[in-house]
Amino acid sequence: MTITEQDKEMMREAIRLSAESVENGGGPFGAVIAKDGEIISGTSNSVTLLNDPTAHAEVTCIREACRKLGTFDLSGYKIYSSCEPCPMCLGAIYWAHLDCIYYANNRKDAADIDFDDDFIYRELEKPMAERSTPIIPLLREEALPVFRQWTLKADKTEY
């Protein structure tokens, strides 16, 4: 894939947002969602500012873009992140159907400054019984009817 000057411009904005976040007391992460060089959303990490562990730059950027566009499907858009997305953000990016992910710093760079997202990547590779946080199945038979209800619903919105 060819990287354009426009891509570099979008990434520079994500990096600028990450620096601004540090100045304002947030984490050193920024993200931009754009299409054809037009920024739809640009945010930074707000975990400590909002006391919200899910307020990563990429997740808040996706939320803002979806609100602005009135859709949960960001097909046709690209995301530029100042750092390689953590597993949570990567999952959100896939769910949002963004076309492409550009990142600047990588997860090792993040680990070097004590943001060990790589820990979660390593946890996901382990069998459930070996993970540091117990994951325990409970009441599956009671929950399955809701999945059947969803399957039979004729007027559902697929996503």
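Residues numbered from 1 in each chain as written. Predicted model: local features only at pLDDT ≥ 70, side-chain atom pairs only at ≥ 80, totals over all residues. Heavy atoms only, no water.

A.B. asks: Before we move on, could you go through the environment of R148 and cite the residues and values that matter?
C.D. replies: Of note, R148 is situated in helix α7 (residues 140-152). A residue is classified by how much of its surface remains accessible, and R148, at 49% relative accessible area, is partly exposed. Distance in space between the C-alpha atoms of R148 and R12 is 47 Å, their sequence separation being 136 residues. (Helix = DSSP H or I, 4+ residues; strand = E, 2+ residues; numbered from the N terminus. Buried < 20%, exposed > 50% of the residue type's maximum accessible area, 1.4 Å probe, protein only.)

A.B. asks: How would you sum up the pattern of salt bridges? Please name residues and give values.
C.D. replies: Enumeration over the complete set of coordinates arrives at 14 salt bridges. Between E84 and R107 there is a salt bridge whose closest N-O contact spans 3.3 Å. Separated by 23 residues along the polypeptide, E84 in the loop between β3 (78-83) and α4 (87-96) and R107 in helix α5 (residues 107-112) bring together distant segments of the chain. Salt-bridge contacts for D118 lead to R107; the nearest nitrogen and oxygen are separated by 2.9 Å. In this pair, D118 is assigned in helix α6 (residues 117-125) and R107 in helix α5, connecting sequence segments 11 residues apart. (Salt bridge = Lys/Arg side-chain N within 4 Å of Asp/Glu carboxyl O.)

A.B. asks: With reference to specific residues and values, describe the side chain of E123.
C.D. replies: For E123, the position within the fold is in helix α6. Ignoring anything within four residues of it in the chain, the contact list for E123 reads R131, S132 and T133. (Contact = heavy atoms within 4.5 Å.)

A.B. asks: Give a detailed account of the packing of helix α3 (residues 57-69) against α4, specifying residues and quantitative values.
C.D. replies: For the pair α3 and α4, the least separation of the axes is 8 Å and the interaxial angle reads 25°. Relative to α4, α3 is oriented roughly parallel. Read as a crossing pair, α3 and α4 show a hand that is left-handed. On α4, the residues that touch E58, V59 and I62 of α3 are M88, C89, A92, I93 and A96. (Axes fitted to C-alpha atoms, helices over the stretch in contact; angles between N-to-C directions. Parallel < 35°, antiparallel > 145°, perpendicular 65-115°, else oblique. Left-handed = near helix turned anticlockwise from the far one by under 90°.)

A.B. asks: Before we move on, could you go through the nonpolar core and cite the residues and values that matter?
C.D. replies: Most often, soluble globular proteins have nonpolar side chains that are buried together. Among the nonpolar cores identified, the biggest contains 17 residues, and I33, I62, L74, Y77, I79 and L98 are the most heavily contacted of them. Residue assignment for this core shows that the elements contributing at least two residues are β1 (30-35), α3, β3 and α4. At five residues, the largest contribution of residues to this core is made by α3. Filtering out sequence-adjacent residues up to four positions away, I62 remains in contact with I33, L74, A92, I93, A96 and L98. (Core = buried A, V, L, I, M, F, W, Y, C linked by side-chain atoms within 4.5 Å.)

A.B. asks: So what about the packing of aromatic side chains? Which residues, and what values?
C.D. replies: Scanning the model with the defined rule gives four aromatic pairs in all. Between F72 and Y159, the aromatic rings sit 6.2 Å apart at their centres with planes inclined by 75°, giving edge-to-face as the arrangement. Residue F72 is found in the loop between α3 and β3, and its partner Y159 is found in the segment after α7; the two are separated by 87 residues along the sequence. With a centroid separation of 4.7 Å and 5° between ring planes, the pair formed by Y80 and Y102 is classed as stacked. Taken as a pair, Y80 in strand β3 and Y102 in strand β4 (residues 100-105) lie far apart in primary sequence, 22 residues in all. Per residue, the accessibility class of Y80 equals that of Y102, and both read buried. (Phe/Tyr/Trp six-rings, centres within 6.5 Å; stacked < 30°, edge-to-face > 60°.)

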